[in-house]
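Here is what each chain is made of, one letter per residue.
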Amino acid sequence: MKILNGKGKGYRKGVKCTPSKRMGLKMIASKREEMTPVTMDPCDNSNDSGLGFDHIDFPAAHSTFSTQEYCWGNEETKKRRYDIKLESDNANDNFTFPQTRISTHQSQDVPLSLRTKGSVSVGKGKASKVMVGGSQGFSRNGKVQLQIISQPEMQHRARYQTEGSRGAVKDRSGNSFPIVKLCGYNKPATLEVYIGTDQGRVAPHMFYQACRVSGKNSTPCLEKKVDGTVLIEIELDPAKDMTVTCDCVGILKERNVDVEHRFPEESSGRSKKKSTRCRMVFRTTITNDDNTVETVQVTSQPIICTQPPGVPEICKKSLTACPANGGLELFILGKNFLKDTRVSFSLGEPGSDLFWESIVQPDKEFLQQSHLVCSIPPFRDTNIREVIPVRLSTTSGGRCSEPHTFFYTPVNAVQVHAREARRAERG
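Residues numbered from 1 in each chain as written. Predicted model: local features only at pLDDT ≥ 70, side-chain atom pairs only at ≥ 80, totals over all residues. Heavy atoms only, no water.

## What about the overall build of the chain?
The following threshold applies: Note on conventions: DSSP H or I runs of at least 4 residues are helices, E runs of at least 2 residues are strands, and numbering of each starts at the N terminus. Only protein chains enter the calculation, and the probe is 1.4 Å; a residue is then buried if its accessible area is under 20% of its type maximum, exposed if over 50%, and partly exposed in between. Here a residue-residue contact requires only that any non-hydrogen atoms of the pair lie within 4.5 Å. Only the protein chains shown count as covering a residue, and every accessible area follows the Shrake-Rupley method with a 1.4 Å probe.
A tally of helices and strands in the chain yields 5 helices and 25 strands. Here the chain holds 427 residues, and 32% of them are scored as buried. Partitioning the contacts of the chain with sequence separation of at least 6, the portion at a separation of at least 24 is 64%. Working note: accessible area of the chain is about 28800 Å², and carbon and sulfur atoms make up 51% of it.

## Focus: unusual backbone geometry
Positive phi, close to 65°, is recorded for Asn291, a residue that is not glycine. Relative to the helices and strands, Asn291 is located in the loop between strand S14 (277-287) and strand S15 (293-299). A relative accessible area of 46% means that Asn291 is categorised as partly exposed.

## Thoughts on the pattern of salt bridges
The condition is simple: Salt-bridge detection follows one rule: a side-chain nitrogen of Lys or Arg within 4 Å of a carboxyl oxygen of Asp or Glu.
This model, assessed by the stated rule, comprises 4 salt bridges. For Asp241, the salt bridge goes to Lys181, with nearest N and O atoms at 3.2 Å. Residue Asp241 is found in the loop between strand S11 (229-236) and strand S12 (243-245), and its partner Lys181 is found in strand S7 (residues 179-183); the two are separated by 60 residues along the sequence. Between Arg283 and Glu192 there is a salt bridge; the shortest N-O distance is 2.7 Å. With a gap of 91 residues between them, Arg283 in strand S14 and Glu192 in strand S8 (residues 189-196) connect regions that are remote in the sequence.

## Re the sheet that holds strand S17 (residues 313-317)
Stated formally: In this analysis, strands are considered paired if DSSP registers two or more bridges between them. For helices, the axis comes from a line fit to the C-alpha atoms of the stretch in contact; other axes are also lines fit to C-alpha atoms, and the angle between any two N-to-C directions lies between 0 and 180 degrees.
Here 3 strands make up an open sheet; going across it, the order is S17-S19-S22 and the pairing antiparallel. The open sheet has two edge strands with one neighbour each: S17 and strand S22 (371-375). Neighbour-to-neighbour, the strand axes of the sheet open up by a mean angle of 35°, direction not taken into account. Of the strand pairs in this sheet, strand S19 (residues 329-335) and S22 are connected by 5 bridges, and their pairing is antiparallel. Looking at the pairing, Ile332 lines up with Leu372 of S22.

## Some remarks on the environment of Thr287
The residue Thr287 is located in strand S14 in this model. The sequence separation of Thr287 and Lys187 amounts to 100 residues, and the corresponding C-alpha distance is 8.7 Å. Once residues lying within four places of it in the same chain are set aside, the contact partners of Thr287 are Tyr185, Lys187, Thr292 and Val293.

## So, the packing of aromatic side chains
Our working definition: Working definition: a ring pair exists when centres of Phe, Tyr or Trp rings (six-membered ring for Trp) sit within 6.5 Å. Plane angles under 30 degrees give stacked, over 60 give edge-to-face, the rest tilted.
Following the criterion strictly, the structure yields 5 aromatic pairs and no others. Arranged with centres 5.6 Å apart and planes meeting at 75°, the rings of Phe345 and Phe406 form a pair that is edge-to-face. One end of the pair, Phe345, is in strand S20 (residues 342-347); the other, Phe406, is in strand S25 (residues 404-409), with 61 residues separating them in the sequence. Among the residues examined, Phe345 registers a relative accessible area of 0% and is labelled buried.

## Structural notes on the confidence of the model for the chain
For clarity, the threshold we go by: Confidence scores here are pLDDT values: one per residue, from the predictor, ranging 0 to 100.
A residue-level look at the chain finds 63% of positions with pLDDT of 70 or above and a mean pLDDT of 74. Confidence drops under pLDDT 50 across residues 1-15; counting only partners more than four residues distant or on other chains, this segment forms 14 contacts. Low pLDDT, under 50, characterises residues 36-135; the stretch is placed with 92 contacts to residues that sit more than four places away or in other chains.

## Remarks on the sheet that holds strand S13 (residues 249-253)
The 3 strands are arranged S6-S13-S9 in an open sheet whose pairing can be described as mixed. Each end of this open sheet is capped by a strand with a single partner; those strands are strand S6 (159-160) and strand S9 (208-212). As judged from the 2 bridges shared by S6 and S13, these two strands associate in the parallel manner. The residue bridging Tyr160 from the neighbouring strand is Lys253, located in S13.

## Things to note about the pairing of S9
With 4 of 5 residues buried, S9 is to be regarded as a mostly interior element. As paired strands, S9 and S13 are joined by 5 bridges and run antiparallel to one another. Residue pairing across strands places Tyr208 opposite Lys253, the latter belonging to S13.

See the structure below:
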């Protein structure tokens, strides 16, 4: 069927169309268009490049795809894909160290009473005032003193975390333990012991901590940690004359990793030399007559926490004799030769009129723990006519080796022997 419009008239081939029939045909055509809309599946687009639809725009009523969802150039879409927020921005702060120092109000590892000067108010009222006494162990009014009766030993090998107990720190005699007494105070108190720096103002040591040492007859004590510093608490009893024997306190060597976590602000100074000395710090809190609370503190003498050096030993030497005028080089093989090693040549008993000794310093360029080189000094009398034996020994770290015998010979001994040999040949 063909519909022709012209001059207000329409007609079918062989059939004449009236105006009423033309209106009916138009209505039928419009209904067919509404019932069968033109649609296209996006997947049927032959011009699709894979990044979007190039030529055909689909009405929103007939398509569930939007142009923004397939526009890869959209900046918001990129941010939404790549902006991944961590659960915590500083999640790794406990395991890494920032390049800049972390600003803190106060060091968390220094007890409060050590960081304050004068007095610190910890509450309301006069009774809540805490005062810190002097480093000599006296209170502010001078009536109470915390005194060290027996100093700890000068050298105590600190214990590592991976090894067993090294025992408690002993006193200078080596037969007992440090003794502390609180004089001028007759009320029950608690003595706190921790390990401090070896010099300057007292502060907790970076590499050493106090540790509890248990034994059958040890003094009862408690171990607690305050701001990263280990404290050993021992009761001061008036019935025991306010005297405590510290036979339950040892020294523990901290791992370097733990030290960096405790002192992050010091992690940048790894090149600094690590101190191997410490001091035992004793402190207690007393209540004065006016209800003021005061901390009295005293420190011990320095303690060396490393393994004591061994006794030097001479194993072999390059020469056993030398002319009385000296000057020859002596090579010594041995053990435990430190930087302060000295070589001694001596004769007679110390204190006697005939005692002679000459001490020489080894050549620093060839000084090692197992060998040294030195120049043999001249004997006190270079005109000797017979061989004289002397003692040869080394001193290192305050210890002396076992003496070896060394001989001084006459200067012209070679010439004398040569003459005698010639005479024997002639005769």
